[in-house]
Amino acid sequence: MGIKKFINDVKESLGLNSFKKSGKKKSIKVLLANLEERKEEIEKQLAKKSTKALKEELSIIKMQIKKGEKLLTKLEDENGSEKSSKTLGKKSKN
Amino acid sequence: MPTIFIVLGYGFWVSPDFKEISAGVAIFLFGMLSLEEGFRAFSGGMLEKILKRSTDKLYKSIGFGILTTTIMQSSSLVSVLTISFLGAGLIGLAQGIGIIFGANIGTTTGAWLVAGLGLKVKISAYAMPMLVFGVILIFQKAKSLRGIGYVLAGLGFLFLGIHYMKEGFEAFKATIDLSAFAVEGLKGLFIFTGIGIFATVVMQSSHATLVLIITALAAGQITYENALALAIGANVGTTITAILGSLSSNIDGKRLAGAHLIFNVVTGLIAIIFIGQFMSSVEYISAAVGIAEDDYTLKLAVFHTIFNFVGVIVMIPFIGKLVEFLENRFGYEKGSEKDMHDKVNFLNDSVLELPATALAAIKRETEHLYDNAFEIMAHGLNLKRSNILSDKELDSVIADPYSQEPIDMDKFYQYKIKGIYGEIIDFSTKAQSRMSPEYIEELYKIKLSNRDIVEAIKGTKHLQKNLVKYTNSSNSYIKDEYDGIKKGLADLLRTIDTIRNTQRYDKVMTLITKIKLHAEEYDIIANGKLDELIRQNKITNEMATSLMNDSTYAYEISQKLIEMVQILFIKGDDVTMSLNDALMIDDDELEELLKEKKG
């Protein structure tokens, strides 16, 4: 067995790849929560007084939330498909 | 040097035993060099990472000093590494002092090893296999194996050196009795402290002096009291190594060497003044831990440990004051016309062998370069730096000029950029040859950011002439346009400063998108502004050409600085940073935002 294959097998059996992904998901979730918080703040401020700078910041934040959510869904999909392929692999062995 | 050679030569001629002792010292010192070489092989990256996490509190940095010196058995190596870390800005002076304090305690383990193990076990029996295995490993290609080889060979030579010193003193005893030269009382204390200082300065190692003292003491060639004085002297003498090392280093290195000297001299003085009390404490502790009444070598180890511990405890409350004193004593030279050429603050050849530290140093120096660039660009735009960094409305910022006359940007460039930029590139080239591909990739980005900074300054220089001309123009249309450029660049510099001082990644993302969006607005051809001004005869053809060129310069300055910001100032945890490219707004999305803004 090659050293690379051995490392990959160990990583797979310990679930280290999905651990890395769950770390990424957690980071994106924290980021999205912060962006949502700021979005609400700006919306409140805009309700009182509308300025060009605030409007600009709001549209940037909305775009970033959209982008973050897309990335989160992608990571969740990848995780889901990995899990299902593992289950299928186990079933076919049985 | 010639005197030392003559004295040694005469000594060798007169006494073969003296030759054996000297050879022991030489082999011991060679072992230390080999050991240092071995640990250097492991210091590329790993040591720096541990350091970052383990020196944020004073007790941690003292602990780090104790541990590393105990493992490496060389306070000199720890001092040199600390100076490198300090020079590169990885740690602060207070933490550096903490490590040095710790190293002083760590070095006492050497005395225990020699007194407890080295003299009781036939140490040379271990030396030979270590040397053989070590040398075989030194010839291997893998860096880590070579490192282990140097460490093993180093330990082998240390043990062999101790063996020869021991043998030499045993044989020496039969011919000359050095203890006949023992001096008692306070006079003896001062004389032997002086000898300890001298011996350590000559050998450049307190460790070697201490081993020599212990072996001489074990052979009964010196009295216990004189050995204590020699140990105090060795502690003071060892600071000379740090001072010599700091001569070629930057201000931080000099400050740390100063701290080392003050600490060891104060500790030495305390030991001399309270020698009686220290000796009683040694007796008490020795009895408590079961050290035999006549085992003076172990008692010397106890004494060495106690007085270094006491020194650290006494000095801890004064670390703040010590830092303040050293910062005032060794300050960055500023002000005079002669010294207007700014110099590098963080680049030091001693960090070249430590890739992660060298990279950190280059990054810090690039930030220094940006600080200077910020000053030049602000003044080139005829703006006050304090105004840019304040909360003032941008209209008031541009209404308050820096000077009535345009500044000489070329002169500023020569004084504050050219030299530093050149040194960064030169240092990077030297550092690169010792770096792994991963570090080289990072270094390449930092080099690009340096170029971006320089290009941004050059762009500002191109802008300056027309900016002065048209912001004072009687034509309000062209004046408005140039005021807009000035305001835009002031906003950019202000936003960069906010990004630099922000720890929150979400805020950084938003601000970077904002400056990217604003940069796009300089495209006055695409947004139809130029056409409108020309069509309605609001500006002349000459003004139109200038405006078109200068908008391009403003756009390029913004682009260069945005690139630089994304390399130098984005902070976040490892996971977030790995997602940075995926999370940042791309060109299509930027276009979408622009359309939304216009619409």
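Colleague: How do you make sense of the overall build of chain A when you look at a structure like this?
Modeller: Secondary structure summary: chain A contains 3 helices and 0 strands in total. Going residue by residue from the N terminus, the α and β elements of chain A occur as α-α-α. Long-range contacts, defined here as pairs at least 24 residues apart, represent 65% of the contacts in chain A between residues at least 6 apart.

Colleague: Just to check I follow, could you spell out the overall build of chain B for this structure?
Modeller: Secondary structure assignment for chain B yields 26 helices and 0 strands. Considering chain B as a whole, with its 599 residues, one finds that 44% of them fall into the buried category.

Colleague: Help me understand the confidence of the model for chain B, please; the structure alone is not making it clear to me.
Modeller: Caution applies to low-pLDDT parts of the model: their predicted coordinates are not meant to be read in detail. All names here are of chain B. In the predicted model, chain B carries a mean pLDDT of 83, and the fraction of residues at 70 or more is 89%. Segment residues 334-338 is flagged for pLDDT under 50; beyond a separation of four residues in sequence, or across chains, it makes 1 contact in the model. Scored as a complex, the prediction yields pTM 0.64 and ipTM 0.72.

Colleague: Please explain the packing of helix 21 (residues 476-500) of chain B against helix 24 (residues 541-568) of chain B as it appears in this structure.
Modeller: If you want to describe how two helices pack, look at the angle between their axes and the distance between the axes. Residue and element names in this part refer to chain B. In contact at an axis separation of 11 Å, helix 21 and helix 24 are set at 5° when each is read in the N-to-C sense. Our classification of the angle between helix 21 and helix 24 gives roughly parallel. Across the interface between the two elements, Ile478, Glu481, Ile485, Gly488, Leu489, Leu492, Ile496 and Ile499 from helix 21 touch Met543, Leu547, Asp550, Ser551, Ala554, Ile557, Ser558, Leu561 and Val565 from helix 24. Of the residues contributing to the contact of helix 21 with helix 24, the split by class is 12 nonpolar, 3 polar and 2 charged.

Colleague: Sorry if this is basic, but what is going on with the nonpolar core here?
Modeller: A general tendency of soluble globular proteins is for nonpolar side chains to be buried together. Residue and element names in this part refer to chain B. The biggest cluster of nonpolar side chains holds 159 residues, and the ones touching the most others in it are Ile214, Ala231, Leu300 and Ala373. Counting only domains with at least three residues in this core, you end up with domain 1 (15-329) and domain 2 (337-598). Filtering out sequence-adjacent residues up to four positions away, alanine 373 remains in contact with Ile417, Ile453, Ala456 and Ile457.

Colleague: Teacher, can you tell me more about the interface of chain B and chain A here?
Modeller: A common measure of how large an interface is: the accessible area buried when the components associate. On the chain A side, the residues contacting the 17 residues of chain B number 18 residues. Per-element tally for the side of chain B that touches chain A: the top contributor is helix 22 (residues 505-520) of chain B, with 6 residues. Of the residues in the side of chain B that touches chain A, the class split is 8 nonpolar, 3 polar and 6 charged.

Colleague: Before we go on, may I ask you to explain helix 1 (residues 2-14) of chain B in this structure?
Modeller: Owing to its 3.6 residues per turn, the α-helix brings residues three or four apart onto one side. With 13 residues, helix 1 of chain B extends 18 Å from end C-alpha to end C-alpha; this agrees with the ideal 18 Å at 1.5 Å per step. When you tally the buried positions in helix 1 of chain B, you get 0 out of 13 residues, a small fraction of the element.

Colleague: Explain the environment of Leu8(B) to me, please; I cannot follow it from the model alone.
Modeller: Residue and element names in this part refer to chain B. Note on placement: leucine 8 falls in helix 1. The exposure class assigned to leucine 8 is partly exposed, which follows from the 14 C-beta atoms found within 10 Å. Here the alpha-carbon distance between leucine 8 and serine 22, two residues 14 residues apart in the chain, equals 8.4 Å.

Colleague: Would you mind showing me how to read unusual backbone geometry here?
Modeller: Of all residues except glycine, most have a negative phi; of all peptide bonds, most are trans. All names here are of chain B. A positive phi angle is found at asparagine 382, which is not glycine, with a value near 60°. With phi around 55°, asparagine 537 is a residue other than glycine that occupies positive phi space. Structurally, asparagine 537 can be placed in the loop between helix 23 (529-535) and helix 24. Residue classification places asparagine 537 among the exposed residues on the basis of 8 C-beta atoms within 10 Å.

Colleague: Looking at this model, I keep getting lost on the packing of helix 22 of chain B against helix 26 (residues 587-598) of chain B. Mind explaining?
Modeller: Residue and element names in this part refer to chain B. Relative orientation of the contacting elements helix 22 and helix 26 amounts to 65°, with a least axis distance of 10 Å. One way to sum up the angle between helix 22 and helix 26 is to call them roughly perpendicular. Considering how the two elements wind past one another, helix 22 and helix 26 form a crossing that is right-handed. Residues Lys516, Leu517 and Glu520 of helix 22 touch helix 26, and the partners they reach there are Leu590, Leu593 and Leu594. When its residues are assigned to classes, the contact of helix 22 with helix 26 shows 4 nonpolar, no polar and 2 charged.

Colleague: I keep staring at the environment of Asp349(B) and nothing clicks. Help me out?
Modeller: In this fold, Asp349(B) is placed in the loop between helix 15 (319-329) and helix 16 (355-380). C-beta crowding within 10 Å serves as the criterion here: with 14 such atoms nearby, Asp349(B) is assigned to the partly exposed category.

Colleague: Can you walk me through the environment of Glu167(B) in this structure?
Modeller: Looking at the element boundaries, Glu167(B) is found in helix 8 (residues 143-175). Along the chain, Glu167(B) and Ala219(B) lie 52 residues apart, while their C-alpha atoms are 9.2 Å from each other.

Conventions used here
- Residues numbered from 1 in each chain as written.
- Chains lettered and ligands numbered in written order.
- Predicted model: local features only at pLDDT ≥ 70, side-chain atom pairs only at ≥ 80, totals over all residues.
- Helix = DSSP H or I, 4+ residues; strand = E, 2+ residues; numbered from the N terminus.
- Contact = placed C-beta atoms within 7 Å.
- Buried ≥ 20, exposed ≤ 12 C-beta atoms within 10 Å, placed from the backbone.
- pLDDT = per-residue confidence, 0-100.
- Axes fitted to C-alpha atoms, helices over the stretch in contact; angles between N-to-C directions.
- Parallel < 35°, antiparallel > 145°, perpendicular 65-115°, else oblique.
- Nonpolar A, V, L, I, M, F, W, Y, C, P; charged D, E, K, R; others polar.
- Core = buried A, V, L, I, M, F, W, Y, C linked by C-beta atoms within 7 Å.
- Domains from an automatic or database assignment.
- Expected span 1.5 Å × (residues − 1).
- Left-handed = near helix turned anticlockwise from the far one by under 90°.

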